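So the chains spell out like this:
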There are 2 protein chains.
Amino acid sequence: MSLFHRKKEISVQTIRRLPQYLRIFYNLHTYGRELVSSTTLAEETQLLPIVIKKDLQAVGAPSKLRAGFKVAGTIEVIEKFLGWNNLNKAFLVGAGHLGSALLGFAGFKNHGLEIVAAFDTHPEIVGNSLHGVRVYHTAQLASIIERENLKIAILTVPAEAAQGITDTLVAAGIKAIWNFAPVNLTVPEGVIVQKEDISSGLAELCAKLKR
Amino acid sequence: MSLFHRKKEISVQTIRRLPQYLRIFYNLHTYGRELVSSTTLAEETQLLPIVIKKDLQAVGAPSKLRAGFKVAGTIEVIEKFLGWNNLNKAFLVGAGHLGSALLGFAGFKNHGLEIVAAFDTHPEIVGNSLHGVRVYHTAQLASIIERENLKIAILTVPAEAAQGITDTLVAAGIKAIWNFAPVNLTVPEGVIVQKEDISSGLAELCAKLKR
């Protein structure tokens, strides 16, 4: 039972801003700060104080009247909301440049994600380790997913390979796919796909440039 | 004078979906299709027909009663809206894994962006070409920006280097920064920063997983 059912639906926009708040709260916590105002958070994030207040109240961040949000308590509710208080095992398919960049992103462990394996088809890469993660041949996908009981896949393969790999992943029982390939995947109901589209960010930038 | 001033403000969500529509319309155009219904677009995108209708009407996509949107005309209005009918020269700072992945993304030229130079400090990389783009030393940033009259920077440096580089870019007259470093940049008013935060996508995925 998640917050989604207990409270009113939290917007995607709010969810996407949570990691940014979390990073700031971690920092404040390191420096021993116990409270922080939305005005201070606004300076850090360049967001409006009212947006910050609404976001944090939506996830139930504890606050103190006229003093701001409680640092430790807010970290706890955001982590719990995102499930980042536990580590989920994940693996990556496609260990090219983008895949390597993601494997090198040290932040994942703070974000509830432990990448335990990578897969590729290139003979030069298979058998190596990248940022401490072993690269297996894609032919071993189904057996390793089953053996390790993996549920989350990060997909960084070329567009033309993405649907084929997805079919293999779904057949092997994967529950969530974080898709970096520039293609819409077809999956059965119940399988979650989170699509990252680099051109969405570029569209935002270009729209701002034209304003 | 942009659409932003002539019509009511178009939401960030809509803007972020435009590249996805554009890809589908390019495909339809290749196959000689002249009209497409929002129902067909809904199957392709897994979005609701009403969302698609609102998005496309917001940018002024031409349509034919009970037959759907005009393919060629819709491509034209989206490209114009995003400024993707012209090529903007851009450059990339930080030619590591993520930088290389972006340089290898063939899609940019279809998205109004021509990456004309890359910058790094590593002696092994400086002087080479990556995906056909020459890598210069970061010390040459200011002079090359001025010489080539560059306005758009793609920032793929480590977090700790990002603000320093940004100050150099701003001093050299850069107007827009597409920031992939996990840090909030401080820039003077008038300089556009578009932040890509990998953990925002992960937060969305995790929130869906917990539902």
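The following refers to the structure shown. (Residues numbered from 1 in each chain as written. Chains lettered and ligands numbered in written order. Predicted model: local features only at pLDDT ≥ 70, side-chain atom pairs only at ≥ 80, totals over all residues. Heavy atoms only, no water.)

For the rest of this paragraph, the subject is the packing of aromatic side chains. For any pair of aromatic rings, the description rests on two quantities: the centre-to-centre distance and the angle between the ring planes. All names here are of chain A. Within this structure, the stated rule accounts for 7 aromatic pairs over all chains. Geometrically, the ring pair formed by Phe91 and Phe119 is edge-to-face, given 5.7 Å between the ring centres and 85° between the ring planes. Placement of the pair is Phe91 in strand β4 (residues 88–93) and Phe119 in strand β5 (residues 113–120), with a sequence separation of 28 residues. Phe91 sits in the buried class, given a relative accessible area of 0%. Its relative accessible area of 0% is what places Phe119 among the buried residues. Cluster of aromatic residues (ring-pair linked, three or more members): Phe91, Phe119 and Tyr136. (Phe/Tyr/Trp six-rings, centres within 6.5 Å; stacked < 30°, edge-to-face > 60°. Helix = DSSP H or I, 4+ residues; strand = E, 2+ residues; numbered from the N terminus. Buried < 20%, exposed > 50% of the residue type's maximum accessible area, 1.4 Å probe, protein only.)

Further remarks concern the side chain of A:Thr74. Inspection of the secondary structure puts A:Thr74 in helix α5 (residues 71–82). When residues no more than four places from it in sequence are discounted, the contact partners of A:Thr74 are A:Phe25, A:Leu56, A:Ala61, A:Pro62 and A:Phe69. (Contact = heavy atoms within 4.5 Å.)

Glancing now at the pattern of salt bridges. Throughout the structure, instances matching the rule amount to 12 salt bridges over all chains. The partner of B:Glu204 in a salt bridge is A:Arg16, and the shortest N-O contact between them spans 2.7 Å. With B:Glu204 in helix α9 (residues 198–210) and A:Arg16 in helix α2 (residues 12–30), the pair connects residues from two separate chains. Of the two residues, B:Glu204 and A:Arg16, neither departs from the other in class, the shared state being buried. Residues B:Arg17 and B:Asp55 are paired through a salt bridge, measuring 2.6 Å at the closest nitrogen-oxygen approach. Pair noted here: B:Arg17 is in helix α2 (residues 12–30) and B:Asp55 is in helix α4 (residues 49–58), with a separation of 38 residues, a long-range link. Given the relative accessible area of 3%, B:Asp55 is considered buried. Connected via shared salt-bridge partners are A:Arg23, B:Lys195 and B:Asp197. (Salt bridge = Lys/Arg side-chain N within 4 Å of Asp/Glu carboxyl O.)

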